[in-house]
Amino acid sequence: MRRVSEIIRGGDDFLVAAHVNPDGDAIGSTCAMGHILARLGKRFRLYNPSGLPTSYDFVTMPAPLETALPATMPAWTIILDCGAAERMGPELLDRIGETRIINIDHHLGNGDYGDENWVAVDQPAVGSMIALLAKDLGLALDGGLAEGVYLAVSTDTGFFTYGSTTPESLELAAEMLRGGLDLARMNMLINKQWTEARLRLWTEVMGSVGLFADKRVAVGVITRDMFRRTGTDSQDTENLINTIRRLKSVRVAVILREEKPGAYKFSLRSYGDDNVQAIAALFGGGGHRNASGGIIAAPLDEARRQMVDAITKSLELA
């Protein structure tokens, strides 16, 4: 962190980016980092090829979130919440040789692909890391900076209900509350974002859920036809898997989302000591102990069979 702090203090030309199809931590961290640079009077741009999801367009961004890279890359690019270099998107990946990379992340198996790497797997969110950085730079956690940090930490900890929640993350929320953050408003804005189309999609996905291994593994399916029928996209699937995980008998919840014919993006969620990161690694994926993902290149029935078999064997559920 201190090295990143030194670079920010001494530099004056930054691009801030996060993984494609950004979630709350990616957007919140991008927002918070932008506010840090703005308060320090630095030149910066915010970038994500997927743009700003409508579900998070309420957050006070310090600059527009651009979907195209600048013609001339800045001296430093800060990559946030990106567990693997490929997740930053092909456009930025093709041009990383034109800039120096600061890699700030909390995922297991990150790979340290940056010129400077701050990877803290004990942190519940990249947003909490940005809060530490802000305080090291002497900045108060208020205004838009606090909004970004809270969006990041609250969504990545399930509003402080996941096992990744730490005493420090709760103290961070209290500090921002004392600094004027309107928690009731933020929680309402984060959660009250559903559309009728999303409701229709979730209805279809819930109807697809199958139970395996004596109802201890639940698998839901999202196809491209479902997206077309309901007029939705991948942004409308956020947190869907956590609803499936609430089934009383379930230890591991799985979503298989069709990326292209014969390829499914899988998401895994568990509780406690059930390590789904190790299961994801079997398929070349990664993430956290209780939240991981990756890609299976197989038809749906085969992908589902492979995943259920891997979970059953890994967690000895047979």
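Throughout, a residue's number is its position along its own chain's written sequence, starting from 1. In view of the model being predicted, local features appear only for residues whose pLDDT reaches at least 70, and side-chain atom pairs are presented and counted only at 80 or more, with totals across whole chains, interfaces and linings using the full set of residues. Excluded from the side-chain calculations are hydrogens and water; all other atoms, namely the structure's heavy atoms, are used.

Enquirer: Help me understand helix 1 (residues 2-10), please; the structure alone is not making it clear to me.
Expert: Exposure is judged per residue with a 1.4 Å probe applied to protein chains only, and the accessible area is read against the type maximum: over 50% gives exposed, under 20% gives buried, and values in between give partly exposed. For the purposes of this entry, the term helix denotes a DSSP run of H or I that reaches at least four residues, the term strand denotes a run of E that reaches at least two, and both are numbered from the N terminus. Residues of helix 1 that are buried: Val4, Ser5, Ile7 and Ile8. In an axial view of helix 1, the angular spread of the buried residues amounts to 160 degrees, which keeps them on one side of the axis. Set apart from the buried face of helix 1 by more than 90 degrees, the exposed residues are Arg2 and Gly10. The contact definition used throughout considers only heavy atoms, calling two residues in contact when any of these lie within 4.5 Å. Against the buried residues of helix 1 lie strand 1 (14-18), helix 2 (24-39), strand 4 (76-80), strand 5 (100-105), strand 6 (116-119) and helix 4 (126-136). The reported arc concerns the directions from the helix axis to the C-beta atoms and nothing else.

Enquirer: I keep staring at the sheet that holds strand 5 and nothing clicks. Help me out?
Expert: What holds strands together in a sheet is hydrogen bonding between their backbones, with the strands either parallel or antiparallel. Taken together, 6 strands build an open sheet; the order of strands is 3-2-1-4-5-6 and the sheet is parallel. Where the open sheet ends on each side, the last strands, each with one partner, are strand 3 (65-66) and strand 6. The rule for pairing is simple: two strands pair if DSSP sees at least two bridges between them. Here 2 bridges tie strand 2 (residues 44-47) to strand 3, and the two strands are oriented parallel to one another. Each residue of the ladder has a partner; that of Leu46, found in strand 3, is Leu65. Between N-to-C directions, angles span 0 to 180 degrees; the directions come from axes that are lines fitted to C-alpha atoms, helices contributing only their stretch in contact. Those strands touched by helix 2 are strand 1, strand 2, strand 3, strand 4 and strand 5, and its axis lies near 165 degrees from that of strand 1. Helix 4 rests against strand 4, strand 5 and strand 6 of the sheet, and its axis sits at about 115 degrees to strand 5.

Enquirer: Hey, could you run me through the nonpolar core in this one?
Expert: Nonpolar side chains in soluble globular proteins generally cluster together in the buried interior. Put simply, a nonpolar core is a bunch of buried Ala, Val, Leu, Ile, Met, Phe, Trp, Tyr and Cys residues held in one set by side-chain atoms that sit within 4.5 Å of each other. Ranked by size, the top nonpolar core spans 49 residues in total, and within it Met33, Leu80 and Ile104 carry the most contacts. When residues of this core are assigned to their parent elements, the largest contribution, 7 residues, is made by helix 2. Not counting residues within four places of it along the chain, the set of residues in contact with Met33 comprises Ile8, Val16, Ile78, Leu80, Ile104, Ile130 and Leu133.

Enquirer: Looking at this structure, how should I read helix 12 (residues 300-314)?
Expert: Since the α-helix turns once every 3.6 residues, residues separated by three or four places project in the same direction. Counted at 1.5 Å a residue, the expected span for helix 12 with its 15 residues is 21 Å, and the 21 Å between its end C-alpha atoms agrees. Taken as a whole, helix 12 has its buried residues at Ala303, Met307, Val308, Ala310, Ile311 and Thr312. At the C-terminal side of helix 12, Glu316 shows a positive phi close to 55 degrees. In a helix, the anticipated span is given by 1.5 Å times the number of residues less one.

Enquirer: Would you mind going over the environment of Tyr113 with me for this structure?
Expert: Structurally, Tyr113 is set in the loop between strand 5 and strand 6. Along the primary structure Tyr113 and Gly287 are separated by 174 residues, whereas in three dimensions their C-alpha atoms are 16 Å apart. Those residues in contact with Tyr113 that lie beyond four places of it in its chain are Ile79, Cys82, Gly83, Ala84, Ala85, Met88, Ile101 and Asn103.

Enquirer: Just to check I follow, could you spell out the sheet that holds strand 8 (residues 217-222) for this structure?
Expert: Taking strand neighbours across the sheet as the criterion, the 6 strands line up as 7-8-9-10-12-11 in an open arrangement whose pairing is mixed. Strand pairing shows two members of the sheet lacking a second neighbour, strand 7 (210-212) and strand 11 (286-287), which therefore form its edges. One ladder, built from 2 bridges, connects strand 11 with strand 12 (residues 291-296); its direction is antiparallel. Of the residues in strand 12, the one forming a bridge with Gly287 is Ser292.

Enquirer: Which parts of the structure should I look at to understand the pattern of salt bridges?
Expert: Pairs can form between side chains of opposite charge once their charged atoms are near each other. The working definition used for a salt bridge is a side-chain nitrogen of Lys or Arg within 4 Å of a carboxyl oxygen of Asp or Glu. Scanning the model with the defined rule gives 18 salt bridges in all. In this structure, the salt-bridge partner of Arg229 is Glu204, at a minimum N-O distance of 2.6 Å. Remark: Glu204 occurs in helix 8 (residues 196-208) and Arg229 occurs in helix 9 (residues 224-230); sequence separation between them is 25 residues. With its nearest N and O atoms 2.6 Å apart, the salt bridge here joins Arg305 to Glu302.

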